[in-house]
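Single-letter residue listing:
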Amino acid sequence: MLFLNLKSLQKNIFKEGSKGAFLVMREFEKNIRKVKPYVPGEQPRQKAIKLNTNENPYPPAPGVARALKDMDAESFRLYPDPEASALVEELAGYYHVRPEQVFVGVGSDDVLAMCFLTFFNSKKPILFPDITYSFYEVWAELYRIPYERPALDAEFHLVKEDYYRENGGVIFPNPNAPTALYEELGVVEDIVAHNQDSIVIVDEAYIDFAGRSALELIDKYDNLIVVQTFSKARSMAGMRIGYAIGGPVLIRYLNDAKYSFNSYTMNQASLLCGVEAVKDKEYFEEGIRKIIETREWAKRELKELGFHFTASQANFLFVSHPAYDARELFEALREEGIYVRYWGGRRISQYMRITVGTREEMEALFSFLRGYIMER
Ligand SMILES: *Cc1c(COP(=O)(O)O)cnc(C)c1O
């Protein structure tokens, strides 16, 4: 029976022509929302040195492990708090804002997707850089939002004047990914100030490794949303927690969209662990200090090996070598069990992105690179 069904299905989909099998579109296909999905970095199954998705090499704050241990599975019987109040209040306290200014979601990807849905609802194109987090284009396509992508300058910096024109909204990360470059707060403020008729989203996934945050501007501009995440500096990518901070009016619109989609985005375990992570400021700052120290040491090593790289202010390095093809090097590293990220594409075909791991992981990377360069 199953065999027969499969046969008839195949007959529907494929027709043998003189040039071989070709696809025949079924009627329902016309009404399906199709999108080319975001491709996440590889999560290798076997033991590897994983420097490809900007995770933190250190464990989360010790309070997170304690919270997990004390967790009562009985509590999972009930729905979690739809307002995620405990986490919202902890974050509000940490950043000296009011709880009405904080929105939490399942990783900043969820928060950003909700922001696209809520704020980018114009017929005018939204603006984001030509080289940036590749998810922006995916969400724009998914929600059918028109977009334009002003080019970063030759050094991969944002050209702020390109954002001084009519638009349906603006989004960029600071520091930018995968370039790792931080724009001074003045540049960010100029973009926000020139766009008071649209919403400007600053994606600060890596801000804790860099400089001043646009959170300083939150009370001055009611068109600004700052998005951050627990996935990088807070070592909790697996827990999926992100948040947006902005004026209470924008946060209310975000919540309206969320409650129209899924009231319980934040699970009980994430809420408890998230609160513990925010409480431990000292541990958080120490972890960042260690990563920055390793990053600056890694820059010196890269320089010695003849690599070119941007002035990273994130927990990753964007590197290129004048003598070696980036894709070949990426593949040689992978063969060796060292995972970094490579995209290819017009302006960045000779670049790889390397997450800053522990000193030991980076030593292993450099030991391989030294051998690779000597051999050729
Ligand atoms: C990692 C990253 C995110 C998403 O992180 P989540 O794990 O979903 O919180 C968002 N924006 C940028 C630029 C990132 O690099």
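Scope of this entry: the structure provided in the associated data block. This one's a predicted model, so the numbers in the text were calculated from it and none came from an experiment.

### Comments concerning the overall build of the chain
Scanning the chain from N- to C-terminus turns up eleven helices and 14 strands. Scaling as 2.2 N^0.38, a compact globule of 376 residues should have a C-alpha radius of gyration of about 21 Å, and the chain matches this with 23 Å. Seen along its three principal axes, the alpha-carbon backbone of the chain occupies a region of about 70 × 55 × 55 Å. Relative to its 376 residues, the chain shows a buried fraction of 49%. In the chain, 71% of the contacts between residues at least 6 apart in sequence involve partners at least 24 apart.

### What to know about the pattern of salt bridges
As enumerated under the stated definition, the model contains 22 salt bridges in all. With a shortest N-O distance of 4.0 Å, Asp109 and Arg240 are connected by a salt bridge. Placement of the pair is Asp109 in helix H4 (residues 107-119) and Arg240 in the loop between strand S9 (224-229) and strand S10 (242-246), with a sequence separation of 131 residues. Between Lys299 and Glu296 there is a salt bridge, with its nearest N and O atoms 3.0 Å apart. With a gap of three residues between them, Lys299 and Glu296 both fall in helix H9 (residues 281-304), about one helical turn apart. Here the salt bridges do not stand alone but share partners, grouping Asp130, Arg346 and Arg347 into one network.

### Quick look at the site of the ligand
Around the ligand lies a shell formed by Gly107, Ser108, Asp109, Leu112, Tyr133, Asp203, Ala205, Tyr206, Thr229, Ser231, Lys232 and Arg240. Here an oxygen atom of the ligand and a backbone polar atom of Asp109 are 2.9 Å apart. Residue Arg240 places a side-chain N or O atom 2.7 Å away from an oxygen atom belonging to the ligand. Bound to the protein, the ligand loses 93% of the 390 Å² it would expose on its own.

### Looking at the pairing of strand S12 (residues 316-320)
Most of S12 sits out of view: five of its five residues are buried. Side chains Phe316, Phe318 and Ser320 of S12 all project onto a buried face; the interleaved residues Leu317 and Val319 project onto the opposite face, where all are buried too. The pairing of strand S11 (residues 308-309) with S12 spans two bridges and is classified as antiparallel. When the bridges of S12 are listed, His308 appears paired with Ser320.

### Things to note about the packing of aromatic side chains
In total, this model carries 26 aromatic pairs according to the counting rule given. Each ring, one from Tyr79 and one from Tyr264, has its centre 4.3 Å from the other, and the planes form 15 degrees; the classification is stacked. Separated by 185 residues along the polypeptide, Tyr79 in the loop between helix H2 (62-70) and helix H3 (85-95) and Tyr264 in the loop between helix H7 (248-259) and helix H8 (268-279) bring together distant segments of the chain.

### Details of the sheet that holds strand S14 (residues 352-355)
Strands sit in the order S11-S12-S14 across an open sheet of three strands; the sheet is antiparallel. Where the open sheet ends on each side, the last strands, each with one partner, are S11 and S14.

### Comments concerning H9
Taking 1.5 Å of rise per residue, 24 residues should cover 34 Å, and H9 covers 35 Å from first to last C-alpha, within 8% of that figure. Restricting attention to buried positions, one finds in H9 the residues Phe284, Gly287, Ile288, Ile291, Thr294, Arg295, Trp297, Ala298, Lys299, Glu301 and Leu302. Tucked into the core, H9 has its buried residues touching H3, S11, S12 and helix H11 (359-375). Trailing H9 by a residue or two, Gly306 shows a phi angle of about 85 degrees, which is positive.

### Comments concerning the packing of H4 against H7
Two numbers describe how H4 lies on H7: the axes approach to 9 Å, and their chain directions differ by 100 degrees. Classified by the angle between their axes, H4 and H7 sit roughly perpendicular to one another. Residues Met114, Cys115, Thr118 and Phe119 of H4 touch H7, and the partners they reach there are Leu250, Tyr253, Leu254, Ala257 and Lys258. Partitioning the contact of H4 with H7 into residue classes produces seven nonpolar, one polar and one charged.

### Some words on the side chain of Asn176
Structurally, Asn176 can be placed in the loop between strand S7 (170-173) and helix H6 (185-193). Separated by 3.0 Å, the side chain of Asn176 and the backbone oxygen of Ile131 make a polar contact. If near-sequence neighbours (up to four positions away) are discounted, Asn176 is found in contact with Pro129, Ile131, Thr132, Tyr133, Leu152, Leu181 and Phe316.

### Some remarks on unusual backbone geometry
Trans is the prevailing form of peptide bonds, just as negative phi is the prevailing case for residues other than glycine. Omega for the bond connecting Asn174 with Pro175 falls within 30 degrees of zero, at -10 degrees, which places this linkage in the cis form. Its location among the elements puts Pro175 in the loop between S7 and H6. A cis amide bond links Ala177 with the next residue in sequence, Pro178, at an omega value of 5 degrees. Its location among the elements puts Pro178 in the loop between S7 and H6. A positive phi angle, near 60 degrees, is found at Asn54, a position not held by glycine. Examined against the element boundaries, Asn54 turns out to sit in the loop between strand S3 (49-50) and H2. Assessed through its relative accessible area of 0%, Asn54 is described here as buried. Even without being a glycine, Ser235 presents a positive backbone phi close to 60 degrees. Of note, Ser235 is situated in the loop between S9 and S10. Overall, Ser235 belongs to the buried group, its relative accessible area being 16%.

Reading guide: rules and limits
Residues numbered from 1 in each chain as written. Predicted model: local features only at pLDDT ≥ 70, side-chain atom pairs only at ≥ 80, totals over all residues. Heavy atoms only, no water. Helix = DSSP H or I, 4+ residues; strand = E, 2+ residues; numbered from the N terminus. Rg over C-alpha atoms; globule rule 2.2 N^0.38 Å. Buried < 20%, exposed > 50% of the residue type's maximum accessible area, 1.4 Å probe, protein only. Contact = heavy atoms within 4.5 Å. Salt bridge = Lys/Arg side-chain N within 4 Å of Asp/Glu carboxyl O. Near = heavy atom within 4 Å. Polar contact = N/O pair within 3.5 Å; in protein donor to acceptor, adjacent residues only side chain to side chain. Areas by Shrake-Rupley, 256 points an atom, 1.4 Å probe, with all protein chains shown as cover. Pairing = 2+ DSSP bridges. Phe/Tyr/Trp six-rings, centres within 6.5 Å; stacked < 30°, edge-to-face > 60°. Expected span 1.5 Å × (residues − 1). Axes fitted to C-alpha atoms, helices over the stretch in contact; angles between N-to-C directions. Parallel < 35°, antiparallel > 145°, perpendicular 65-115°, else oblique. Nonpolar A, V, L, I, M, F, W, Y, C, P; charged D, E, K, R; others polar.

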